[in-house]
Amino acid sequence: MTDTDDIGAQLKALRAADPPTHGGRVLSYVYDHGRPELDEVVAAAVQAFLPVNGLDPTTFTSVAVLERDLVAFSRSVTGGDEEVVGSVTSGGTESCVLAVKAARDRWLERNLGGTPTIVMPTTAHPAFRKAAAYLGLQLVEVPVSAETGTLSAATMLAAVAAAGEGGTAPALVVLSAPNYPFGVLDPIAEVAEVLADLGIWLHVDACIGGWLLPWWPGVTRGWDFRLPGVTSISTDLHKYGYAPKGASVVLYRGRENHRAQYFATAAWPGYPVVNPTLLGSRSATALAAAWAVTRTLGAAGYAELVAETAGATDRIRSALTGIEGLSLVGDPSTALLALRADPAFPPARQVDPFLLVDAVRRRGFLLQSQPALHQSDGTWLPRTAHLTLTPVSARIAGELTEALVGASNEVRGRSAPAPDPALVQRVAADGLPEELAGVMATLEALPKDQAPAALVGLLAGVIDPDAR
Ligand SMILES: *Cc1c(COP(=O)(O)O)cnc(C)c1O
């Protein structure tokens, strides 16, 4: 056996090449609470549950207890009563896929004929595209405002009516609380009211907002189970719930809806199989860690962390309004912001988001580039730079603002490199360059049906360089 010190050193060396996961310099992927004592709580929980198999809560009864507590706490912060039940999953994608599976199976039980359909805004998370692809549903995409990223309730309801004209109602409608790209809240109350009357399943994707909105100052619009038309909600513990990766919750109004998520079979010569979620054997470490974090923080702890995040968001938003040629998309409801070139200025005074992301990166902060999108109504959603703010953003708000101002001054009036079709092959062969603006502009310009293969080539080249 290799010396354990040596193994530890190797892992440390690999981690040293990663961007910093603490401190607020990576403005996506990681959610830093800024409380070192919570990290210790997590480490102890993971250690205690390492050998457990979450596959069978009848054998490992601890698993059932932890899950029950997490579901109860999640239900209490999403306005649910005893009718609301659910499961802990491995992440937002699994929660969304399972909600689609349950809605589809409930729709199929009604035996209406035709293909089950998901109706959702273009801003809904790709997890629903994945669910449609995996589970055989059709997608109807509803455009949002190109100026503000907001969905009109009337446009959504017209799309629902049109989808039903073939004779069958959609299997489900998906709305976001809020959406990831622009951080904007969909008109959930308005749509829920009509869908309740029509008896159509409404899934609210609160993967990103579910642990912010309950305490965010000034939220007056409804989004949770207090609206009778909301059928299911996904909410990620491993984002603003501050649990380590591998934990999310999916909640349903009504046990029958939840049961439709299960898979069970006795048709093999082995043990009787019943899986509430997608995985079979599964780690209980993320479950235990999420339980430990939620117990440590409690509602009061989340309120405190949300107050810090909201304060930082206010500060950064007001600094942004002073940057010429750059503007926010719409009116973000929480801590997710998208920056676009401000159309009120001539191109010579605009800040290109792709160039901004590269220039901010040279100043020590990682933002996310989001390509423009052509919608079915002919409008274009703008290319943007995405920021996910957290409690620790308060500590670096000054530095981040300086980086945004400096980067904007550096790139103002310049346009991102033109799309270069040869670039995709070059990147697949040589890996990603330091400056990503050209790659993003090229991906943005690819026809929608060619983008997936290009993306697969890029990522496969990173994971498996021999394939280049
Ligand atoms: C993150 C996210 C998801 C998917 O979650 P994963 O945990 O990344 O699988 C779904 N919806 C929204 C709005 C999200 O932000």
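Residues numbered from 1 in each chain as written. Predicted model: local features only at pLDDT ≥ 70, side-chain atom pairs only at ≥ 80, totals over all residues. Heavy atoms only, no water.

**What to know about empty space enclosed by the protein**
Within this structure, the stated rule accounts for 1 cavity of 30 Å³ or more. Reported here for the largest cavity is a volume of approximately 40 Å³. Of all elements in the fold, only α12 (421-430) and α13 (437-445) reach the threshold of two or more residues within the lining of the largest cavity. Each residue belonging to the lining of the largest cavity can be placed in one class, and the counts come to 6 nonpolar, 1 polar and no charged. (1 Å grid on protein atoms, 1.4 Å probe; cavity = no way out; pocket = protein on both sides within 12 Å on 5 of 7 lines; lining within 4 Å. Points joined across faces, edges and corners; volume = space filled by probe spheres on them. Helix = DSSP H or I, 4+ residues; strand = E, 2+ residues; numbered from the N terminus. Nonpolar A, V, L, I, M, F, W, Y, C, P; charged D, E, K, R; others polar.)

**Focus: the packing of helix α3 (residues 61-77) against helix α9 (residues 285-321)**
Where α3 contacts α9, the two axes come as close as 10 Å, and the packing angle between them is 30 degrees. Judged by the inter-axis angle, α3 sits roughly parallel to α9. As α3 packs across α9, the resulting crossing turns out to be left-handed. When α3 is examined against α9, the residues Val63, Leu66, Glu67, Asp69, Leu70 and Phe73 are found in contact with a partner set consisting of Leu287, Ala288, Ala290, Trp291, Thr294, Arg295, Gly298, Ala299 and Tyr302. A class-by-class count of the residues in the contact of α3 with α9 yields 10 nonpolar, 2 polar and 3 charged. (Axes fitted to C-alpha atoms, helices over the stretch in contact; angles between N-to-C directions. Parallel < 35°, antiparallel > 145°, perpendicular 65-115°, else oblique. Left-handed = near helix turned anticlockwise from the far one by under 90°. Contact = heavy atoms within 4.5 Å.)

**Things to note about the domain arrangement of the chain**
Examined at the domain level, the chain breaks down into domain 1 (44-294) and domain 2 (421-467). Distance between the C-alpha centres of domain 1 and domain 2: 32 Å. (Domains from an automatic or database assignment.)

**Re the site of the ligand**
Surveying the vicinity of the ligand reveals the residues Gly91, Gly92, Thr93, His125, Tyr180, Asp205, Cys207, Ile208, Asp236, His238 and Lys239. Between the ligand and the protein, one listed contact pairs a nitrogen atom with a side-chain N or O atom of Asp205 at 2.6 Å. In the model, an oxygen atom of the ligand is placed 3.1 Å from a nitrogen or oxygen of the Lys239 side chain. For the ligand, the protein covers 85% of the area, taking 380 Å² as the surface of the free molecule. Of the residues in the shell around the ligand, the class split is 3 nonpolar, 5 polar and 3 charged. (Near = heavy atom within 4 Å. Polar contact = N/O pair within 3.5 Å; in protein donor to acceptor, adjacent residues only side chain to side chain. Areas by Shrake-Rupley, 256 points an atom, 1.4 Å probe, with all protein chains shown as cover.)

**Remarks on the sheet that holds strand β11 (residues 336-341)**
In space, the 4 strands of this open sheet follow the order β10-β11-β15-β12, with antiparallel pairing throughout. Two strands bound the open sheet, and with one partner strand each, they are β10 (326-328) and β12 (368-370). Sheet twist, expressed as the average angle between the axes of neighbouring strands with direction ignored, equals 35 degrees. (Pairing = 2+ DSSP bridges.)

**Observations concerning the environment of Ser62**
Within the secondary structure, Ser62 is located in helix α3. Measuring from C-alpha to C-alpha, the distance between Ser62 and Val52 comes to 9.2 Å, with 10 residues separating the pair along the chain.

**What about the packing of helix α10 (residues 353-362) against α13?**
In contact at an axis separation of 9 Å, α10 and α13 are set at 150 degrees when each is read in the N-to-C sense. For the element pair α10 / α13, the angle class is roughly antiparallel. Where α10 crosses over α13, the handedness of that crossing is right-handed. Between α10, through Phe354, Leu355 and Asp358, and α13, the contact on the second element is made entirely by Ala437, Met440, Ala441 and Glu444. Of the residues in the contact of α10 with α13, the class split is 5 nonpolar, no polar and 2 charged.

**Concerning the pairing of strand β15 (residues 384-388)**
Burial analysis of β15 places 5 of its 5 residues in the buried class, which makes it a mostly covered element. Of the two faces of β15, the one holding Thr384, His386 and Thr388 and the one holding Ala385 and Leu387 are both buried throughout. Relative to β15, β12 is paired through 3 bridges, and the arrangement is antiparallel. Residue pairing in the sheet places Ser369 in a bridge with Ala385 of β15. (Buried < 20%, exposed > 50% of the residue type's maximum accessible area, 1.4 Å probe, protein only.)

**Observations concerning helix α1 (residues 4-16)**
An ideal rise of 1.5 Å per residue puts 18 Å on 13 residues; α1 measures up with 18 Å between its terminal C-alpha atoms. Burial within α1 is sparse, with just 0 of its 13 residues counted as buried. With a side-chain oxygen positioned 3.0 Å from the backbone nitrogen of Asp5, the residue opening α1 is Asp3. (Expected span 1.5 Å × (residues − 1).)

**Focus: the layout of surface pockets**
Of the voids in this model, the second largest pocket is the one considered here, and its volume is about 600 Å³. What lines the second largest pocket is a set of 26 residues, among which Pro57, Ala64, Glu67, Tyr262 and Pro276 lie closest to the centre. Broken down by secondary-structure element, the contributors of at least two residues to the lining of the second largest pocket are α3, β1 (84-89), α8 (255-259) and β9 (273-275). Tallied by class, residues from the lining of the second largest pocket come to 14 nonpolar, 5 polar and 7 charged.

**Focus: the nonpolar core**
The biggest cluster of nonpolar side chains holds 103 residues, and the ones touching the most others in it are Ile188, Leu356 and Leu404. A per-element tally of this core places α9 first, with 14 residues. If you count residues domain by domain, this core takes at least three from each of domain 1 (44-294) and domain 2 (421-467). Filtering out sequence-adjacent residues up to four positions away, Leu356 remains in contact with Leu326, Leu339, Val351, Leu367, Ala385, Leu404, Ala407, Ser408 and Val411. Ranked by size, the runner-up nonpolar core spans 25 residues in total, among them Cys96, Ala103, Ala132 and Trp201. (Core = buried A, V, L, I, M, F, W, Y, C linked by side-chain atoms within 4.5 Å.)

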